[in-house]
Amino acid sequence: MCGIIGIVSQNQVQSHLIDGLKRLEYRGYDSAGIATVQDNQIHRRRSAGKLINLQNLVESEPIQGQIGIGHTRWATHGAANTENAHPHSSREVAVVHNGIIENFSDLKKHLQEKGYTFQSDTDTEVIVYLITDYLHQGNDPLTAVQKTLTKLQGAFALAILFKDAPDTLIATRHGSPLVLGIKENELFVSSDAVAFAPWTQQVCYLEEGDLAVLNAGDCFSYELYDRDGHKVDRPLRRSQITGESVSKAEYSHYMLKEIFEQPTVLSDTLQSLLNLENQKVSLKDIDLNWKMLNRIQIIACGTSYYAGLVAKYWFEKWAGIAVDVEIASEFRYRSPVMSSNTLNILISQSGETIDTLAVLSQLKEHGHQVLALVNVPESSIARKADYVLQTLAGPEIGVASTKAFTSQLMVLACLCLKTGKERDVIKPDVYESLVQALVSLPGMISYVLQNSEIYQKLALGFTTARNCLYLGRGITYPIALEGALKLKEISYIHAEGYAAGELKHGPIALVDLTMPVVVLAPYDEWFEKTLSNLQEVIARGAQLLCLTDQKGEEKIRQQIKAGYSMEIVVFPQVDTFIEPILYTIPVQLLAYYIALLKGTDIDQPRNLAKSVTVE
Ligand code: G6P
């Protein structure tokens, strides 16, 4: 969602602000803007639509200044137009804002009564006039911001410039993340270390409620204050994100690059969890009473929720434990009946999704233990959870999650094996063979990727489709859901994932000659049943794409009536345990190549955001 960048430098900042915003584009946005202070005046440029519009604007009307803020806005309050784009400003201050000010309408009314005139429909503008009002009352910038913060309700992050304090940038975090980047003679602040990755790896994550004052002047320095206004120190860290890790390399899209990175990141993730000497899953820091566990509750959103659905099949079958999988935005407003001896697992690639974070707070308030599975170890969810397991997917820039999803699956598979072993549910030989199956996965995925041109050809059959159905049974059912989600996210073709057994309970009414149906049918314990569903689809003349293995192909060819044409893609025969990870790759590639043919904005699909930090 929205992205913030702030820079205090000895050089002109306009071009770095735009570069930083470019690296935040992946979060999803619909307008952008920058502001600087120069000659005791605030200068501002804003544009609706993509960043290129802002770039064109600043090329023709550049702004000067060695201190500046920038923003990519994902519209919440007010349309995605130039008036509502950030920074918002008065004569005295300019503000960029992530998140939502929940009490903005009361504040706005109060400020209007005081004579302030609002230029936009945003909630952000109340912050501008509150700070301005406190400055008018004779407060210094720090006090004006601190007093303003006491009036604001909601989850947000801010970066602020002051006309009369041209060396000072103030940033503060209340529910939305912020990180400082530190370099000699240059300081950065951003919602994401990706924004300044090419310039510095030395970072400092703000804690909840922190306020940072960045100063230029004689030397570049910063001061941090906690939520009570006390000066604090926070640790400096070295960010893993480098300029290289956020480049597209030779790929046409980040999504394609990230799909092709999967063999490496899955291997890295597995190696981080396996003791290489004895090939046993070792989760050193997770000190749980595994035998006492009687239930697992997995809570997540979007693709991460689908990873949880796969885990349900794994844990029930191989660890003998009951699993509930919950959508965070529903769970947080229900009255769930919690039992002791439940392991709560929250999954979130970003570690910042607002609903998942809210569930975490609720669970902690009620004294429940939480294990978080995240891709960003410094994220809010990771920092609040009792235990953290990390996926080593590296930065994922494409909005549609690919490598983060399969890495989540890899961690959950290992956690399942560990649970099964500790609870004496899984037989040693089965355990060994499943570990070996996981070890073999990166190689198999490489094989599937080497043959990616298959999906380019198959994609041709989908471009005119208006609807598409994905079917799976058993452990591939969640992958049918994920396949449909990928397709709708990036190609804008309406797609539904269904449990194949549910076909007759509704979706079959939609099946006709124009409807492509993708069936995930490896030759496993559910295969014969899926084959019957396949027949039902064939009987209605649908365009069928069947993803299976060699045995599955033989069976399908024996049973399907001659003359019916369907596409079959054959995968290596694998243990059922790893099927969900392997069969994710073709549905990702298919969605990618269909979207490519449709000419959509694959890395930044319309209306979507990578990190959903507002409800
Ligand atoms: C957004 C992203 C998805 C992601 C979901 C949950 O919708 O576009 O890719 O699956 O949020 O995000 P999380 O970071 O919690 O996994």
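Residues numbered from 1 in each chain as written. Predicted model: local features only at pLDDT ≥ 70, side-chain atom pairs only at ≥ 80, totals over all residues. Heavy atoms only, no water.

### Re the overall build of the protein
Step number 1: Assigned secondary structure in the protein consists of 18 helices and 27 strands.
Step number 2: Its C-alpha radius of gyration of 26 Å places the protein within 12% of the 25 Å reference for a compact globule of 615 residues.
Step number 3: If you line up the protein on its principal axes, its C-alpha atoms span 85 × 55 × 45 Å.
Step number 4: Out of the 615 residues in the protein, the part that is buried amounts to 60%.
Step number 5: Restricting to contacts in the protein with at least 6 residues of sequence separation, those with at least 24 account for 71%.
Step number 6: Of the accessible surface of the protein, which amounts to about 23,700 Å², a share of 46% is contributed by carbon and sulfur atoms.
Step number 7: With 55 positive and 70 negative side-chain charges, the protein shows a spacing of 3 Å between the two charge centroids. (Helix = DSSP H or I, 4+ residues; strand = E, 2+ residues; numbered from the N terminus. Rg over C-alpha atoms; globule rule 2.2 N^0.38 Å. Buried < 20%, exposed > 50% of the residue type's maximum accessible area, 1.4 Å probe, protein only. Contact = heavy atoms within 4.5 Å. Areas by Shrake-Rupley, 256 points an atom, 1.4 Å probe, with all protein chains shown as cover. Lys, Arg positive; Asp, Glu negative; His and termini not counted. Charge placed at Lys NZ, Arg CZ, Asp CG, Glu CD.)

### Here's the deal with the sheet that holds strand β14 (residues 231-232)
Adjacent strands of a sheet pair through backbone hydrogen bonds, lying either parallel or antiparallel.
Step number 1: Ordered in space as β5-β6-β7-β8-β12-β13-β14, the seven strands form an open sheet in which the pairing is antiparallel. The two strands at the open ends of the sheet, each matched to only one other strand, are β5 (88-89) and β14.
Step number 2: Examined bridge by bridge, β5 and strand β6 (residues 93-101) share two bridges and lie antiparallel to one another. Within β6, the residue paired with Ser89 across the bridge is Ala94. (Pairing = 2+ DSSP bridges.)

### Overview of helix α3 (residues 104-113)
Step number 1: Taken as a whole, α3 has its buried residues at Phe104, Leu107, Lys108 and Leu111. End-on view of α3: buried residues confined to an arc of 100 degrees, all on one side of the axis. Those residues of α3 that are exposed and angled more than 90 degrees off the buried face are Asp106, Lys109 and Glu113.
Step number 2: A positive phi of about 105 degrees marks Gly115, the residue just after α3. (Arc of directions from axis to C-beta.)

### Here's the deal with the pattern of salt bridges
Step number 1: In total, this model carries 27 salt bridges according to the counting rule given.
Step number 2: Taking the shortest distance from any N to any O, the salt bridge between Arg27 and Asp192 comes out at 3.3 Å. One end of the pair, Arg27, is in the loop between α1 (14-24) and β2 (31-38); the other, Asp192, is in the loop between β10 (186-190) and β11 (202-205), and 165 residues separate them in sequence.
Step number 3: Where Asp210 meets Arg234, a salt bridge forms, and the shortest distance between an N and an O atom there is 2.7 Å. Taken together, the residues Asp210 in the loop between β11 and β12 (211-215) and Arg234 in the loop between β14 and β15 (237-238) connect sequence positions 24 residues apart.
Step number 4: A relative accessible area of 22% places Arg234 in the partly exposed class.
Step number 5: A network of salt bridges, in which partner residues are shared, links Lys257, Glu261 and Lys403. (Salt bridge = Lys/Arg side-chain N within 4 Å of Asp/Glu carboxyl O.)

### Brief notes about the environment of Tyr593
Step number 1: Mapped onto the elements, Tyr593 comes out in helix α18 (residues 579-598).
Step number 2: A relative accessible area of 7% places Tyr593 in the buried class.
Step number 3: Other than its neighbours up to four places away in sequence, Tyr593 contacts Leu256, Ser452, Tyr455, Gln456 and Ala459.

### Brief notes about the site of the ligand
Step number 1: Taken together, 13 residues form the shell around the ligand, and within it Ser304, Ser348, Gln349, Ser350 and Thr353 come nearest.
Step number 2: At a separation of 2.8 Å, an oxygen atom of the ligand approaches a polar backbone atom of Gln349.
Step number 3: Between the ligand and Thr353 there is a distance of 2.5 Å, counted from an oxygen atom to a side-chain nitrogen or oxygen.
Step number 4: Its free accessible area being 390 Å², the ligand has 92% of it covered by the protein chains. (Near = heavy atom within 4 Å. Polar contact = N/O pair within 3.5 Å; in protein donor to acceptor, adjacent residues only side chain to side chain.)

### Description of unusual backbone geometry
Glycine aside, the phi torsion of most residues is negative, and most peptide linkages are trans.
Step number 1: Here the residue pair His86 and Pro87 is connected by a cis peptide bond, since its omega of 0 degrees sits within 30 degrees of zero.
Step number 2: By the element assignment, Pro87 lies in the loop between β4 (67-73) and β5.
Step number 3: The backbone of Gln279 sits at a positive phi, close to 55 degrees, despite the residue not being glycine.
Step number 4: Backbone geometry at Asp424 places phi at a positive 55 degrees, although glycine is not the residue there.
Step number 5: Tracing the chain through its elements places Asp424 in the loop between α12 (403-422) and α13 (428-450).
Step number 6: Among the residues examined, Asp424 registers a relative accessible area of 61% and is labelled exposed.

### Topic: the environment of Asn344
Step number 1: Its place among the elements puts Asn344 in strand β20 (residues 342-348).
Step number 2: With a relative accessible area of 1%, Asn344 lands in the buried category.
Step number 3: For Asn344 and His368, which are 24 residues apart along the polypeptide, the C-alpha to C-alpha distance reads 7.7 Å.
Step number 4: Asn344 has contacts with Gln297, Met338, Leu363, His368, Gln369, Val370 and Leu371, leaving out every residue within four places of it along the chain.

### Regarding the sheet that holds strand β24 (residues 494-499)
Step number 1: Strand order in the open sheet formed by five strands is β24-β23-β25-β26-β27, with parallel pairing between adjacent strands. Bordering the open sheet on either side are β24 and β27 (567-571), each of which pairs with just one other strand. If you compare each strand with its neighbour and ignore which way they point, the axes differ by 15 degrees on average.
Step number 2: Pairing geometry for strand β25 (residues 516-520) and strand β26 (residues 543-549), over five bridges, is parallel. Looking at the pairing, Leu520 lines up with Leu547 of β26.
Step number 3: The sheet contacts of helix α15 (residues 477-491) involve β23 (467-472), β24 and β25, and relative to β24 the element is tilted by about 175 degrees.
Step number 4: In this fold α18 packs onto β23, β25, β26 and β27, with an angle of close to 150 degrees to the strand it touches most, β26. (Axes fitted to C-alpha atoms, helices over the stretch in contact; angles between N-to-C directions.)

### Let's talk about the domain arrangement of the protein
Step number 1: Entries for the protein in the domain assignment read domain 1 (3-246), domain 2 (250-450) and domain 3 (451-601).
Step number 2: With centres defined by C-alpha atoms, the gap from domain 1 to domain 2 works out at 34 Å.
Step number 3: Listed per partner, the contact involves 12 residues of domain 1 and 11 residues of domain 2.
Step number 4: Both faces considered, domain 1 and domain 2 share a buried interface measuring about 1,100 Å² in area, 55% of it formed by carbon and sulfur atoms.
Step number 5: Counting the surface domain 1 buries against domain 2, the share from its top three residues, Tyr26, Tyr205 and Val246, is 43%.
Step number 6: Counting across the interface, domain 1 meets domain 2 through one salt bridge.
Step number 7: A salt bridge links Glu207 to Arg383, with the nearest nitrogen and oxygen atoms 3.4 Å apart. (Domains from an automatic or database assignment. Buried area = accessible area lost by both parts, 1.4 Å probe.)

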